[in-house]
Amino acid sequence: QVQLVESGGGLVQAGGSLRLSCAASGGKFSINTMAWYRQAPGKQRELVATVSRGDSILYADSVKGRFTISGDNAKNTCYLQMNSLKVDDTAIYYCKAVMSLSLTTYWGQGTQVIVSS
């Protein structure tokens, strides 16, 4: 059973930065895609960014130019560097991993990001 553990959330002022990490563990596995989603209070969960094998990267329009997703295959870890944070970025951020062979999807427990004005 693959487990995902996010870290790096917290409280930051608008214009500040945070770096989220998502570490995968739990036996032998190969990850095809890792992604960050977020869910603000009263809103649906939305995609923030994805990174796949071969370094194919996608961003939501709302974070382009401010967020950077990256992956470390050796560490089975994904990062989300968030710069120029806005109050609207306030949400719980979730990590998702899709396995290469089975396409099984795993989710982390989420990490809270609060951006104050």
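Preceding block: the structure.
Residues numbered from 1 in each chain as written. Predicted model: local features only at pLDDT ≥ 70, side-chain atom pairs only at ≥ 80, totals over all residues. Heavy atoms only, no water.

Engineer: Please set out the packing of aromatic side chains residue by residue, giving values where relevant.
Structural biologist: Under the counting rule described, the total for this entry stands at one aromatic pair. Sitting over the ring of Y94, R45 keeps its end group 3.7 Å from the ring centre. For the cation-ring pair, R45 lies above W107, with the distance from its terminal atom to the ring centre recorded as 4.7 Å. (Phe/Tyr/Trp six-rings, centres within 6.5 Å; stacked < 30°, edge-to-face > 60°. Lys NZ or Arg CZ within 6 Å of the ring centre and 35° of its normal.)

Engineer: An account of the state of the cysteines is needed here, citing residue identities and associated values.
Structural biologist: Tallied over the entire structure, the rule returns one disulfide. Here C78 is not disulfide-linked; the sulfur of C95 is the nearest cysteine sulfur, at 5.6 Å. (Disulfide = S-S within 2.5 Å.)

Engineer: Before we move on, can you summarise the side chain of E6 with the specific residues and values?
Structural biologist: Along the chain, the position of E6 falls in strand β1 (residues 3–7). Despite being buried, E6 has no salt bridge partner; R45 is the closest side chain of opposite charge, sitting 7.6 Å away. Of the polar contacts made by the side chain of E6, one reaches the backbone nitrogen of Q109; its length is 3.0 Å. One polar contact links the side chain of E6 to the main-chain amide nitrogen of G110, over a distance of 2.8 Å. Once you skip the residues sitting within four places of it in the chain, E6 turns out to touch S21, C22, W36, Y93, Y94, C95, G108, Q109, G110 and T111. (Helix = DSSP H or I, 4+ residues; strand = E, 2+ residues; numbered from the N terminus. Buried < 20%, exposed > 50% of the residue type's maximum accessible area, 1.4 Å probe, protein only. Lys, Arg positive; Asp, Glu negative; His and termini not counted. Salt bridge = Lys/Arg side-chain N within 4 Å of Asp/Glu carboxyl O. Polar contact = N/O pair within 3.5 Å; in protein donor to acceptor, adjacent residues only side chain to side chain. Contact = heavy atoms within 4.5 Å.)

Engineer: Just give me the short version of the pattern of salt bridges, but keep the residues and values in it.
Structural biologist: Applying the stated criterion across every chain yields a total of four salt bridges. With its nearest N and O atoms 2.9 Å apart, the salt bridge here joins D89 to R38. Of this pair, D89 sits in the loop between β8 (77–82) and β9 (91–99) while R38 sits in strand β4 (residues 31–39), placing them 51 residues apart in sequence. One exposure class covers both D89 and R38, and it is buried. We note a salt bridge from D89 to R66, for which the minimum N-O separation is 2.7 Å. A residue pair is termed long-range when its members are at least 10 positions apart, and D89 in the loop between β8 and β9 and R66 in the loop between β6 (56–59) and β7 (67–72) qualify at 23 residues. For R66, a relative accessible area of 11% puts it in the buried group. Each of R38, E46, R66 and D89 takes part in salt bridges that share partners, so that together they form one network.

Without other data, these values stay purely geometric and don't point to any function.
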